[in-house]
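Here's the letter readout for the chains.
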Amino acid sequence: MTDRQRPVGVFDSGVGGLTVFRAVRRRLPAENLLYLGDNARVPYGSKSRETIVRYTEECVSTLVERGVKCLVVACNTVSAVALPTLQSRFPGIPVLGVVEPGALAACRASVSGRIAVIATRSTVNGGAYVAAIHRYRPDAQVVSLPCPLFVPLAEEGWFDGPLVEGIAARYLGSLFAADPAPDCLVLGCTHYPLLSGVIRKVIGPEPVMVDSAETTADALAAMLVERGLDNTSGQCGSNAFLTTDDAACFAQIGARFLGGDVCRDNVSHISL
Ligand code: DGL
């Protein structure tokens, strides 16, 4: 197998990163993709930096042993907290996170420079989104807000209804009722795009919502070409999924995030 044919590794704490996997699959149909979800230990978003780094290193070592040519960190929490550690621990493979592409997309989309970021608690506390947005746009006024209940809601498939609307209103209502309100909202967590309908109801029609999945897929495409690692075989790439927990459960819940069937035969359980 040539370097170009080696798989792209996509890592997430669980199934949420399948929103990024889906964007990568659409953008790069010829790439072989190998996804790893650490479902046994999800959520990462409420854990300490040390724990997140340790879990991540274990998972990424597994992907590296399986020969990935590069790594996409689909998890916002890991991207926000552990990216520099990963880049120095695995110098042999390029590592791409979702924070930088998301921040860039927000800076391009916002006219007023007032940008809100919603994410897990660890992502917010790590401050990586605020720092990345300020790198592209030093004058931006950034508010970041944890919305931890959105993760279990998305996994349950509760995307709408009065209960979910009430939770979204409690998190976001006053911020977007303020004058002036942010004109851009970054969905800084893999799960939040699934709740975009209810979030839109609360924030109103004006603010632009940024989801980093598409911009990350674009950044990956550019990086592969730049490094001569793009798969030029002309054939359709393969999809393979690894999970640290139950494979059938991964396939079932994963379908919600992938927006289509996760073929159970393509999912394998691994122990770390
Ligand atoms: N994947 C995580 C993120 O994007 C959400 C789930 C978790 O807390 O592990 O931040």
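Refer to the structure above for everything that follows.
Throughout what follows, the structure given in this document is the object of discussion. Just so it is clear, the model here is predicted, and its values are computed rather than measured. (Residues numbered from 1 in each chain as written. Predicted model: local features only at pLDDT ≥ 70, side-chain atom pairs only at ≥ 80, totals over all residues. Heavy atoms only, no water.)

1. Here we look at the pairing of strand E7 (residues 184–188)
Where burial is concerned, most of E7 is hidden: 5 out of the 5 residues are buried. On E7, burial covers both faces: Cys-184, Val-186 and Gly-188 on one face and Leu-185 and Leu-187 on the other are all buried. As paired elements, strand E5 (residues 114–119) and E7 share 5 bridges and run parallel to each other. Bridging across to E7, Ala-116 finds its partner in Leu-185. One ladder, built from 4 bridges, connects E7 with strand E8 (residues 208–211); its direction is parallel. The partner of Leu-185 across the bridge, within E8, is Met-209. Assessed by its sense of winding, the connection that carries the chain from E7 through helix H9 (residues 196–203) to E8 is right-handed. (Buried < 20%, exposed > 50% of the residue type's maximum accessible area, 1.4 Å probe, protein only. Helix = DSSP H or I, 4+ residues; strand = E, 2+ residues; numbered from the N terminus. Pairing = 2+ DSSP bridges. Right-handed = clockwise from strand over helix to strand, strands pointing away.)

2. Here we look at the environment of Leu-36
Tracing the backbone shows Leu-36 in strand E2 (residues 33–37). Accessibility expressed as a relative area gives 0% for Leu-36, which makes it buried. Among residues more than four places away in sequence, those in contact with Leu-36 are Val-10, Phe-11, Asp-12, Cys-59, Thr-62, Leu-63, Leu-242, Thr-243, Thr-244 and Ile-270. (Contact = heavy atoms within 4.5 Å.)

Functional significance is not addressed by these values, which are geometric in nature.
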